Amino acid sequence: MGGYDGAGELARFSVAVPAELLREYDALIEKRGDARNRSESIRDLMRSAVVHEHLRTPDEQVIGSLTMIYDHHTGDLTRRLDEVQHDYTAEIVSTMHVHLDHRNCLEILALKGRGARIYELADKLLGLRGVKHGELTCAATGTSLDI
Ligand code: NI
């Protein structure tokens, strides 16, 4: 996969994040005590995201679960989550919705289908504004799909 570890040309960019998130992130780096700075830590996160993308198997049958935590008071988020899911009825095997507290909901989707469709669904849902936490856990079943 190479190309990300070398001492190639460095690019600088600025990122806007909530101050509280930055404080918590810096505290996390500090706690881990690995003497890395913020930049190195963020480079690791970026490498990990790129590697993760390469591990996707769009042409295989996959099974998995998608977990989301969101604030149902965020705009029309609930309606948008619903709309996306109605376009993937063949892939969504089951859903569980838990009302965590006054604001927050936990939703877990059991998924099965062609990798490309599953990743597309996860990207659409997790990309919605207001989804605070989201994670797709997925495994290929070993079945290739010639479609
Ligand atoms: Ni709820």
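Residues numbered from 1 in each chain as written. Predicted model: local features only at pLDDT ≥ 70, side-chain atom pairs only at ≥ 80, totals over all residues. Heavy atoms only, no water.

### A closer look at the coordination of the nickel ion
Part 1 of the reasoning: Taken together, the protein donors to the nickel ion comprise His-97 (NE2), His-99 (ND1) and Cys-105 (SG), at separations of 2.0 to 2.4 Å.
Part 2 of the reasoning: The sequence motif formed by the donor residues of the nickel ion is H-x1-H-x5-C.
Part 3 of the reasoning: Judged by relative accessible area, His-97 falls into the partly exposed class, the value being 35%.
Part 4 of the reasoning: Given the relative accessible area of 63%, His-99 is considered exposed. (Donors = N, O, S within 2.8 Å, 3.2 Å for Na, K, Ca; no water. Buried < 20%, exposed > 50% of the residue type's maximum accessible area, 1.4 Å probe, protein only.)

### Here we look at the domain arrangement of the protein chain
Part 1 of the reasoning: According to the domain assignment, the protein chain consists of domain 1 (19-54) and domain 2 (61-140).
Part 2 of the reasoning: The C-alpha centroid of domain 2 is placed 25 Å from the C-alpha centroid of domain 1. (Domains from an automatic or database assignment.)

### Some remarks on the environment of Thr-74
Part 1 of the reasoning: Looking at where Thr-74 falls in the secondary structure, it is placed in the loop between strand 1 (60-71) and helix 3 (77-85).
Part 2 of the reasoning: A relative accessible area of 14% means that Thr-74 is categorised as buried.
Part 3 of the reasoning: When the C-alpha atoms of Thr-74 and Ala-11 are compared, they prove to be 35 Å apart, with 63 residues separating the residues in sequence.
Part 4 of the reasoning: Once residues lying within four places of it in the same chain are set aside, the contact partners of Thr-74 are Arg-129 and Gly-130. (Helix = DSSP H or I, 4+ residues; strand = E, 2+ residues; numbered from the N terminus. Contact = heavy atoms within 4.5 Å.)

### Regarding the packing of helix 1 (residues 19-32) against helix 2 (residues 38-54)
Any two packed helices are characterised by how steeply their axes cross, that is the angle between the axes, and by the distance between the axes.
Part 1 of the reasoning: Packing of helix 1 against helix 2 brings their axes to within 11 Å, and their N-to-C directions diverge by 95°. Classified by the angle their axes make, helix 1 and helix 2 are roughly perpendicular. Across from Leu-22, Tyr-25, Asp-26 and Ile-29 in helix 1, the residues of helix 2 making contact are Arg-38, Ser-41, Ile-42 and Leu-45.
Part 2 of the reasoning: Broken down by class, the residue content of the contact of helix 1 with helix 2 amounts to five nonpolar, one polar and two charged. (Axes fitted to C-alpha atoms, helices over the stretch in contact; angles between N-to-C directions. Parallel < 35°, antiparallel > 145°, perpendicular 65-115°, else oblique. Nonpolar A, V, L, I, M, F, W, Y, C, P; charged D, E, K, R; others polar.)

### Looking at helix 4 (residues 115-126)
Part 1 of the reasoning: With twelve residues, helix 4 should cover 16 Å at 1.5 Å per step; its first-to-last C-alpha distance of 16 Å lies within 8% of that length.
Part 2 of the reasoning: Within helix 4, the full set of buried residues consists of Gly-115, Ile-118, Tyr-119, Leu-121, Ala-122 and Leu-125. With its buried residues spanning 160° around the axis, helix 4 presents them on a single face. (Expected span 1.5 Å × (residues − 1). Arc of directions from axis to C-beta.)

### Digging into the pattern of salt bridges
Pairs may arise between side chains of opposite charge once their charged atoms sit close together.
Part 1 of the reasoning: Applying the stated criterion across every chain, the model contains 14 salt bridges.
Part 2 of the reasoning: Asp-123 is paired through a salt bridge with Arg-56; the nearest N and O atoms lie 3.1 Å apart. Taken together, the positions of Asp-123 in helix 4 and Arg-56 in the loop between helix 2 and strand 1 put the pair 67 residues apart, joining distant regions of the chain.
Part 3 of the reasoning: A salt bridge links Glu-83 to Arg-79, with the nearest nitrogen and oxygen atoms 2.5 Å apart. Of the two residues, Glu-83 and Arg-79 are both situated in helix 3; the distance of four residues between them amounts to about one turn of the helix.
Part 4 of the reasoning: Judged by relative accessible area, Glu-83 falls into the partly exposed class, the value being 46%. (Salt bridge = Lys/Arg side-chain N within 4 Å of Asp/Glu carboxyl O.)

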